[in-house]
Amino acid sequence: MATTSSNSYLSDPAAALQMAQRAPTLLAKASSVSTKFPASMFSSADSSELWNDLEQLLYACLRTGDDKSAFLCVEKLTDRFGANNERVMALKGLYQEAVASDMAAVKKILEDYNKILTENPMNVPIHKRRIALIRSIGRPQDAIADLVEFVDSFPTDMEAWCELSDLYQSQGCSAQAIFCLEEALLITPNAWNLHARLGELEYMTGVSATDSAEAQNHLSQAVKRFSRSIELCDDYLRGFYGLKLASDKLLQTHTTSKANSAVVISAEKLQKLSQLATSRLEAIIKDHTARRSPGVKESEVTAAQELLSRSKS
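Residues numbered from 1 in each chain as written. Predicted model: local features only at pLDDT ≥ 70, side-chain atom pairs only at ≥ 80, totals over all residues. Heavy atoms only, no water.

Quick notes on the pattern of salt bridges
Inference 1: The full count for this structure, using the stated rule, is 16 salt bridges.
Inference 2: Note that Arg130 is salt-bridged to Asp146, the shortest N-O span being 2.7 Å. Within this pair, whereas Arg130 is found in helix H7 (residues 124–136), its partner Asp146 is found in helix H8 (residues 140–153), the two being separated by 16 residues in sequence.
Inference 3: The buried category is assigned to Asp146, whose relative accessible area is 18%.
Inference 4: Notably, a salt bridge pairs Glu282 with Lys312, separated by 3.7 Å at the nearest N-O pair. Within this pair, whereas Glu282 is found in helix H14 (residues 267–291), its partner Lys312 is found in helix H15 (residues 298–312), the two being separated by 30 residues in sequence.
Inference 5: With a relative accessible area of 36%, Glu282 lands in the partly exposed category.
Inference 6: Within this structure, Arg197, Glu200, Arg238 and Glu300 form a network of salt bridges that share partners. (Salt bridge = Lys/Arg side-chain N within 4 Å of Asp/Glu carboxyl O. Helix = DSSP H or I, 4+ residues; strand = E, 2+ residues; numbered from the N terminus. Buried < 20%, exposed > 50% of the residue type's maximum accessible area, 1.4 Å probe, protein only.)

The following block contains the structure:
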């Protein structure tokens, strides 16, 4: 689980490499900033943007294997904000996890996290790093148990609810995964990506359900969630992809099952939604092909093209 909001450097190799290449410039700029009072008060280079960039650089360097620059990032952030700053403590832990050479080193980091939390149980970034580390060493049940305790203490932490949802889904607990995302949406109701993710969970649950009425209910919920995601973001490829997939699947149940009591969306409306999704996907793909739209992943474009090809065959 990230200690900060999501950023592209954790998942996009190209963005990580581009950011990591800025290491000499950003580290030099950070080195020019005096961290000693009162000189720090008069430094024009000392800005929140600089330190945010340095934190993003840390993620990128770890992603690309530049451990030396990552270490320097941690040093500069520690000099500026202090070794006892909770965010800095978590970033230092993240670096130590990345360079740990064996399980003994990992266990030592876990012990350090436990010690920190014994001294300060309210250290949220360290809580998150500890849970992420437990999950990474193959202990999902322990990670779930710790996250349940965490969200009980910090119920407005959206990231924690999303992480718990992902953990539950990885263990085949779809109902619990859906519940956790619903809790996350209570905190951030306009997050179109979470509506789409919830739509995906509802779709997968509906497809795997053995009871016809239950399947239709989950597929109906999936259609509604995907519809909400594109209402909030009208060029969201993932939302339109899911809307077409769920609409077409639910349309099939109208013709293959007589148990339609759970269906709250008419066949006519489903057909219109499917057609809307098709036209918007075609437009997004065309636009991306013409100018490589930023924020649109090539893999998602390919998947959308394949979905449209299957629907025409």
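Past the structure itself, the notes keep going.
Regarding the confidence of the model for the protein
Note: predicted coordinates in regions of low pLDDT should not be interpreted at a detailed level.
Inference 1: With 88% of its residues at a pLDDT of at least 70, the protein reaches an overall mean of 89.
Inference 2: At the level of individual helices and strands, the protein shows its lowest average pLDDT in helix H1 (residues 13–20), which scores 86, and its highest in helix H10 (residues 174–187), which scores 98.
Inference 3: In the predicted structure, residues 1–6 sits below a pLDDT of 50 and forms 22 contacts with residues beyond four places in sequence or in another chain. (pLDDT = per-residue confidence, 0-100. Contact = heavy atoms within 4.5 Å.)

A closer look at the packing of H7 against H8
Inference 1: Packing of H7 against H8 leaves a shortest axis separation of 8 Å and a crossing angle of 160°. Judged on the interaxial angle alone, H8 and H7 are roughly antiparallel. Here H7 and H8 pass one another in a crossing that is left-handed. Residues Val124, His127, Lys128, Arg130, Ile131, Ile134 and Arg135 of H7 lie in contact with H8, whose contacting residues are Asp142, Ala143, Asp146, Leu147 and Phe150.
Inference 2: Its residues placed into classes, the contact of H7 with H8 shows six nonpolar, one polar and five charged. (Axes fitted to C-alpha atoms, helices over the stretch in contact; angles between N-to-C directions. Parallel < 35°, antiparallel > 145°, perpendicular 65-115°, else oblique. Left-handed = near helix turned anticlockwise from the far one by under 90°. Nonpolar A, V, L, I, M, F, W, Y, C, P; charged D, E, K, R; others polar.)

What about the nonpolar core?
Inference 1: In terms of nonpolar packing, the biggest core is built from 34 residues, with Ile126, Leu147, Phe150 and Leu164 touching the most fellow members.
Inference 2: Among all residues touching Phe150, those that are not within four sequence positions of it are Val124, His127, Lys128, Ile131, Asp157 and Ala160.
Inference 3: Val223, Phe226, Leu251 and Ala304 belong to the second largest nonpolar core, which has 26 residues in total. (Core = buried A, V, L, I, M, F, W, Y, C linked by side-chain atoms within 4.5 Å.)

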